[in-house]
Amino acid sequence: MAKTQQQASNGISDFVKELWQAAVELKGTIEPSDYKRYVLPLIFLRFLSIRFEKRRHELTEMVREPESPYYTDNTEEAREIVEDPDEYHSVGAFMVPEIATWNYIVAHAQDDDLKVKIDDALEALERAYPEQLRGLLPRIYAGSNMDVENLRGLITLFSKQIFGQDHNGTDLIGRVYEYFIGEFASSEGKRGGEYFTPESIVKCLVKMIEPTEGVVMDPCCGSGGMFVQSDIFTAHSQKLSFVGQESKDFTYRLCKMNLFMHGLNGRIELGNSYHDDKLQGVKADYLLANPPFNDGSKGNNGWGSDRVPKKDPRLKLGDQYMPLAPKNGNTMWMMNFLYHLKDGGTAGFVMATGELTNSETARIEVRKHLVELGYVDCIVQLTGQLFANTQIPCSLWFLSKNRDGSHGMRERKNEILFIDGRSLGALIPGSRKQKALSEEELERISSVYREFKRTGVPEARPGFAAVATIDAVREYNYALSPGRYVGSEEIDEDSEPFEELFPELTAKLKGQMREGRRLQEQIERNLDSVVWGESLNGL
């Protein structure tokens, strides 16, 4: 039975990949970076229509079935049941205006004004659900240079009957939507990683954080994957609420659409979290995030540290305000995350591995304070190649405000759990460069953390996991790379891309050269004074 399910899953995966390739071939004259703006809304329409048509068919059958609690022989009552929006919302579906149904779009696919009709369909959805969709589905098709034949090709592609079939509970069109988001992210290089986090990393964060009830926050929420996976973790219990912020307009719309598709409500704000924190008064029980790696390391302007007030409350750790690294936004994100945590809350986020050991003054100062104040709960180092768009390894950080033994957790304020997961992960079938963590590996990592925060100090697993005291971390000058604590071989690897590390190295070298010149001048002055003194003594 398991083998049959695996074969079915592999078949679906192969189909989704084939669908992607077919969609790429229909790109035509559209710029690669813009293509997602035309493809994803079509999948969105198809998704809503499938859910709508399926639920409408179920209700129509139930009002006719004498054994059903919905049964009625009154035509008007039957119509009211079939058209009751609550009957759709209760199963995660939505009523769809006639002109936005997929059947209507297919019926008019050969019309000369097809582009206008797609725009009309999206506009009708916005009007039907203004609270959730207002401003998310702009009229972009009629005014675009997209070839109408390519648009018809996409409609044909997404009309395949396989989408409407039962796949043992697998939401096929939802899988397509998420797969396409990931592929668009991969094709766009590093920019794509800012709106899509690979599923195995999201699952790892969620399984370790264990969101069950309360507020889930993501201040750089991308396409909303952290929210969707948190909801799945709770088996759609509706006990979580979601708040987030996103700086890019299209990605903000993508997140709102993603939440809508999954039947989730959330407060998602548009704005730059660095300088315009739209969630300033919000405190979260759980914070999950994948901020941009080493933001500001390229170019001369940095990430905008000069626009953050020196007494910004987010910069205060203990009784001190922390300095900011002008060419790297990592520590700003860390302090932002901590600021937004409730007492008892935990934050889990992705970071470039270089942040574990970086010695830049402003950055090590933040790391030192996070350790000394007892917020650093767990560090997980992962392998490279988990992101499609960069092969550098990443790390997962967990900061917690329940390390004093409150909120059902054990007291562990003087301890930090280190997990070295660099040997975990395998290439995704069909890929020669991207890896993923298996379900077994995810459980292996998360179970150690669950034991650490709830039960007691887990038994050391040489080369994989160990608990270190704050004193031990001090001895290593607050370096947090797990290898040195779990007994792994230290791998000499570039934890930051050279093009991002180079400006930092250059600045460090220039500083050392200035210091060298200063010392040389000081030595020359000292020599002159010695020579002058000897001359006077000889008179």
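Residues numbered from 1 in each chain as written. Predicted model: local features only at pLDDT ≥ 70, side-chain atom pairs only at ≥ 80, totals over all residues. Heavy atoms only, no water.

### Comments concerning the overall build of the protein chain
Moving on, step 1. If you tally the helices and strands in the protein chain, you get 19 helices and 13 strands.
Moving on, step 2. Of all 539 residues assigned to the protein chain, the portion counted as buried reaches 51%.
Moving on, step 3. Within the protein chain, counting contacts between residues at least 6 apart in sequence, those at least 24 apart form 73% of the total.
Moving on, step 4. For the protein chain, the accessible area works out to roughly 25600 Å², and carbon and sulfur atoms hold 49% of it. (Helix = DSSP H or I, 4+ residues; strand = E, 2+ residues; numbered from the N terminus. Buried < 20%, exposed > 50% of the residue type's maximum accessible area, 1.4 Å probe, protein only. Contact = heavy atoms within 4.5 Å. Areas by Shrake-Rupley, 256 points an atom, 1.4 Å probe, with all protein chains shown as cover.)

### Structural notes on the pattern of salt bridges
A side chain with one charge can pair with a side chain of the opposite charge if their charged atoms come near.
Moving on, step 1. Enumeration over the complete set of coordinates arrives at 30 salt bridges.
Moving on, step 2. Between Lys207 and Glu443 there is a salt bridge, with its nearest N and O atoms 3.4 Å apart. Note that Lys207 is positioned in helix H11 (residues 199–209) and Glu443 in helix H16 (residues 439–454), a separation of 236 residues in sequence.
Moving on, step 3. The network of salt bridges with common partners includes Asp120, Glu123, Arg127 and Arg139. (Salt bridge = Lys/Arg side-chain N within 4 Å of Asp/Glu carboxyl O.)

### Quick word on the packing of H11 against H16
Moving on, step 1. Direction vectors running N to C along H11 and H16 enclose 25°, while the axes themselves pass 8 Å from each other. Relative to H16, the element H11 is oriented roughly parallel. Taken as a pair, H11 and H16 cross one another with a handedness that is right-handed. In this structure, H11 contributes Ser200, Lys203, Cys204, Lys207, Met208 and Ile209 to the contact, and H16 contributes Glu439, Leu442, Glu443, Ile445, Ser446, Tyr449, Arg450 and Lys453.
Moving on, step 2. Of the residues contributing to the contact of H11 with H16, the split by class is six nonpolar, two polar and six charged. (Axes fitted to C-alpha atoms, helices over the stretch in contact; angles between N-to-C directions. Parallel < 35°, antiparallel > 145°, perpendicular 65-115°, else oblique. Left-handed = near helix turned anticlockwise from the far one by under 90°. Nonpolar A, V, L, I, M, F, W, Y, C, P; charged D, E, K, R; others polar.)

### A look at the pairing of strand S10 (residues 415–421)
Moving on, step 1. The buried fraction of S10 is high, at seven of seven residues.
Moving on, step 2. Of the pairings in the sheet, the one linking S10 to strand S13 (residues 465–469) comprises five bridges and is antiparallel in character. Paired with Ile416 across the two strands is Ala468, which belongs to S13. (Pairing = 2+ DSSP bridges.)

### Things to note about the confidence of the model for the protein chain
Moving on, step 1. Overall, the prediction assigns the protein chain a mean pLDDT of 86, with 87% of residues at 70 or greater.
Moving on, step 2. This stretch, residues 1–10, has a pLDDT under 50; its non-local contacts, to residues over four places away or in other chains, come to one contact. (pLDDT = per-residue confidence, 0-100.)

### A look at the packing of aromatic side chains
Moving on, step 1. Throughout the structure, instances matching the rule amount to 16 aromatic pairs.
Moving on, step 2. Centroid distance Phe44 to Phe260: 6.0 Å. Interplanar angle 55°. Geometry classified as tilted. Of this pair, Phe44 sits in helix H2 (residues 32–64) while Phe260 sits in helix H13 (residues 249–261), placing them 216 residues apart in sequence. Here Phe44 and Phe260 have matching classes, each one buried.
Moving on, step 3. Pairwise contacts between aromatic rings join Tyr274, Trp303, Trp333, Phe337, Phe349 and Trp397 into one cluster.
Moving on, step 4. The aromatic ring of Tyr339 is capped on one face by Lys283, whose charged end is 3.9 Å from the ring centroid. (Phe/Tyr/Trp six-rings, centres within 6.5 Å; stacked < 30°, edge-to-face > 60°. Lys NZ or Arg CZ within 6 Å of the ring centre and 35° of its normal.)

### As for the state of the cysteines
Moving on, step 1. Per the stated rule, a full pass over the model turns up zero disulfides.
Moving on, step 2. Considering cysteine sulfurs only, Cys255 is the nearest to Cys221, which forms no disulfide, with 3.9 Å between them.
Moving on, step 3. Here Cys378 stays free of any disulfide, with the sulfur of Cys204 as its closest cysteine sulfur at 8.9 Å.
Moving on, step 4. Note on Cys378: relative accessible area 0%, which makes it buried. (Disulfide = S-S within 2.5 Å.)

### As for the sheet that holds strand S8 (residues 376–382)
Moving on, step 1. Spatial ordering of the open sheet is given by S3-S2-S1-S4-S7-S9-S8-S10-S13, a layout of nine strands whose pairing is mixed. Two strands in the sheet have a free side with no partner beyond their single neighbour: strand S3 (266–270) and S13. Adjacent strand axes in the sheet meet at a mean angle of 15° when their direction is disregarded.
Moving on, step 2. In terms of strand pairing, strand S1 (residues 214–218) meets strand S4 (residues 284–289) through two bridges, oriented parallel. Its bridge partner being in S4, Val216 is matched across the sheet by Tyr286.
Moving on, step 3. Across the sheet, H13 touches strand S2 (240–246) and S3, and the angle it forms with S3 is around 170°.
Moving on, step 4. Where helix H14 (residues 330–339) meets the sheet, its contacts fall on S4, strand S7 (341–352) and strand S9 (394–400), and the angle it forms with S7 comes to roughly 160°.

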